[in-house]
Amino acid sequence: MTNRIETALVHGAIREGYADKKGAVNVPMYLSSTFHQESIDEFGEYDYARSGNPTRAALEKAIAELEGGDRGFAFATGMAAVSACFMILSAGDHVVITEDVYGGTYRFVTKILPRYGITHTFVDFTDLEAVKAAVRPETKLIYMETPSNPTLGITDIRGVVEIAKQHGALTFLDNTFMTPLHQKPLELGVDVVIHSATKFLSGHSDIVAGLVVTKDEALGNEIYFVQNSFGSVLGVQDCYTLIQNMKTTAVRFNEESRVAMRIAQFLHAHPLVENVYYPGLPTHPGFEIHAAQATSAGAVLSFSLPNYDIAKAFVEAMKIPVFAVSLGGVESILSYPAKMSHAAMEPEERAKRGITDGLLRFSVGLENEDDLIEDFTQALEIASTIK
Amino acid sequence: MSQRSIETKLVQLGNLSDAKTGAINPPIYMSTAYQHTGIGESTGYDYTRTKNPTRTILEQGIAELENGDAGFACSSGMAAVQLVMSLFKPNDELIVPEDLYGGTYRLFKTFAENYNIKPVYNPFTNVEEVESLINENTKALFIETPTNPLMQEIDLVTYAELAEKHNILLIVDNTFYTPYFQRPLELGAHIVLHSATKYIGGHNDVLAGLVVAKGAELCEKLGYYHNGIGMVLSPMDSWLLIRGLKTLHLRLKQHDANAKKVAQYLADEPLVTDVLYTGKGGMLSFRVKDASMVNPFLKGIKLITFAESLGGVESFITYPATQTHADMPYEERVARGVCDRLLRFSVGIEEAEDLIADLTQVFDSLRGEFA
């Protein structure tokens, strides 16, 4: 019997091994850095917590199962996960990467990878011809993020995978915005799935964490080598918190997405709002592609107001959401990408990507939806008075 | 192999408890429920209030350290006192030293008023006098030694013999000395309890209580009430106590060495009239020359923290009159020696010279006005 993903989220990490954990329903927290060995010749499954820890193993097994992969890896942060994956490349390799990538990934690719002789080309991934044109003989990796951050651009995953396969390049995909509930990149041929688990998977704005899943054994071994060598693993208590929080990912994400659609429609109809970026709106240029590869439009949307002063007045008038970086928490989070998630990007690069001075990103939380709409209504009314 | 020393037992607590992984530190079981493989087939764990694998390691550990038969981890030191008090019925009487922790005093008062379980107070300086208080309703001697905050040692062997003679329980609060310095069960006591918040936790981070008893019947009763009332310690806090215990001996050696130096310094200080120190452990009390010195003294200390509680790595000074003994009526408090000039010092494990330097600067600042 194969369980549906909602069931796997609740049971994933814990279904087996009752006998080894005294029947406990939950995975125990192994705050043990080292493990006693029974024999000089043969070591047990665990020897040192960087290399493997039973609590972390339960989490890694769970995310692998959820993504339909065969091996999972837990990292200290989303960026630790992203950078560990890039570290399987070597000097001379080239990366084709979506231009509206998360600001932290942008910084890593532009400031750190060149030190190792790894080059990159940014491309508008909504244009498959442009992706194809950017691939060179030394291209080893095509890196996707869909929906992308913050303008929710949609990449045709199947299309990019086909290009990569023709060139013998790997594909990585940052699946943070969709979670395995609503987008299964491995099933579409992607080689490595990456999550900032800080977001919807944990979902309580409490821990930072990253997860990676692979399906190919050799690739899994390469990522494990980096994970163990660099050591940016997730701590045991955070592994436990993440396992527990993932049990409510389905109920949280689905409710937040439902309300996100309502807010997107509300903003779309509002005269002060210039653009709404949400892949659930038929007006979104990636609407059809997204619908063909994902089963939800997600809980994050962005929208642009005419200018900085109006955006500032709006932010100051909003009462319910926290004004902060990050997303995916139970609390609604309002962000200003130009100075937050994409502050690491040069102004001209930001402008190219539609990250204007009036752009705001909203991560829908679990507050009452009418309260959120009322809050938007009053804040937009105040912002409307700004000349 | 010979019987392991207490230092080794402390350090090794929880090691080799998880055969499957070999984990050196026992895992933290944050699981409320435990799967049964069939009807009547339990792993020994069913529901975390009744038994939790992490708590079990702590409970077995403290039982072994105190040389008892069973241990019970409680959510606070007062919860441990309450667990022990569940053994008594209306009209039962307990003989208790006058110099008692204020929280215990308050709880005993409640038990007397609500359940007619009565504490009978005595200074415990004369065993015949204590014996004369024993009647057919007397069920236990409940003592703290050394006492808090007056640091009087009560001879456990003497009172164990008295309890034996009258077939009553000897219950000892061993918070100040811990099993490292004193093991009452080996001297004839029946029940030992701890505010494990103090030296056993040792880092001023966990609130916890421990009870250890000897004898199958007593242990079974305590186990019944522990589960029935439910004042159990959480798995996370149980783990923190296990970690704390691993350095108990090192910490206590340093608390003890520092307290000896501080006691000597205070004895030589003219603004101090009395130093109450047993010569063992990290706790001492002292009286300053004048009650009006207390507030400027507490405001003037810089390194030492003015705070309630004790037994942590950081030095604390407490003012019993308004803190630990605030619930005791003034006349009664003063009659017991907890006067307004009394300060209690939980000497931490900082460098002793730094503690003495802090005391020196504050006494020097007060010398003009009070000398």
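Residues numbered from 1 in each chain as written. Chains lettered and ligands numbered in written order. Predicted model: local features only at pLDDT ≥ 70, side-chain atom pairs only at ≥ 80, totals over all residues.

A.B. asks: Would you explain the overall build of chain A in this entry?
C.D. replies: Scanning chain A from N- to C-terminus turns up 14 helices and twelve strands. Taking 387 residues into account, the globule formula puts the C-alpha radius of gyration at 21 Å, and chain A, at 21 Å, falls close to it. The principal-axis extent of the C-alpha atoms belonging to chain A is close to 75 × 50 × 35 Å. Here chain A holds 387 residues, and 53% of them are scored as buried. (Helix = DSSP H or I, 4+ residues; strand = E, 2+ residues; numbered from the N terminus. Rg over C-alpha atoms; globule rule 2.2 N^0.38 Å. Buried ≥ 20, exposed ≤ 12 C-beta atoms within 10 Å, placed from the backbone.)

A.B. asks: Please explain the interface of chain B and chain A as it appears in this structure.
C.D. replies: It is common to give the size of an interface as the accessible area that goes away when the parts come together. Taken together, the contact between chain B and chain A spans 20 residues of the former and 21 residues of the latter. Grouping the amino acids of the side of chain B that touches chain A by side-chain chemistry returns twelve nonpolar, seven polar and one charged. (Contact = placed C-beta atoms within 7 Å. Nonpolar A, V, L, I, M, F, W, Y, C, P; charged D, E, K, R; others polar.)

A.B. asks: I'm lost on the domain arrangement of chain B in this one. Help?
C.D. replies: All names here are of chain B. Partitioning chain B into domains gives domain 1 (6–245) and domain 2 (248–370). A straight line from the C-alpha centre of domain 1 to that of domain 2 covers 27 Å. Elements with a contribution of two residues or more to the side of domain 1 that touches domain 2: helix H1 (6–12), helix H4 (102–115), helix H7 (178–181) and helix H9 (235–245). Partitioned by chemical class, the residues of the side of domain 1 that touches domain 2 number 15 nonpolar, seven polar and six charged. (Domains from an automatic or database assignment.)

A.B. asks: Would you take a moment to explain the sheet that holds strand E11 (residues 316–318) of chain B for this structure?
C.D. replies: Sheet strands pair by backbone hydrogen bonding; their relative direction is either parallel or antiparallel. If you walk across this open sheet you meet the five strands as E8-E9-E12-E11-E10 (chain B), and the pairing is mixed. In the strand order of this sheet, the two ends are held by strand E8 (272–276) and strand E10 (305–306) of chain B, each with one partner. (Pairing = 2+ DSSP bridges.)

A.B. asks: Even after reading the chapter, I still don't get the domain arrangement of chain A, so can you show me in this structure?
C.D. replies: Residue and element names in this part refer to chain A. Domain boundaries assigned for chain A yield domain 1 (5–246) and domain 2 (250–384). Distance between the C-alpha centres of domain 1 and domain 2: 26 Å. With 33 residues of domain 1 at the interface, the matching set in domain 2 holds 35 residues. Going through the elements one at a time, helix H1 (5–11), helix H4 (103–112), helix H6 (157–167) and helix H7 (179–182) are the ones with two or more residues in the side of domain 1 that touches domain 2. Considered class by class, the residues forming the side of domain 1 that touches domain 2 number 13 nonpolar, 13 polar and seven charged.

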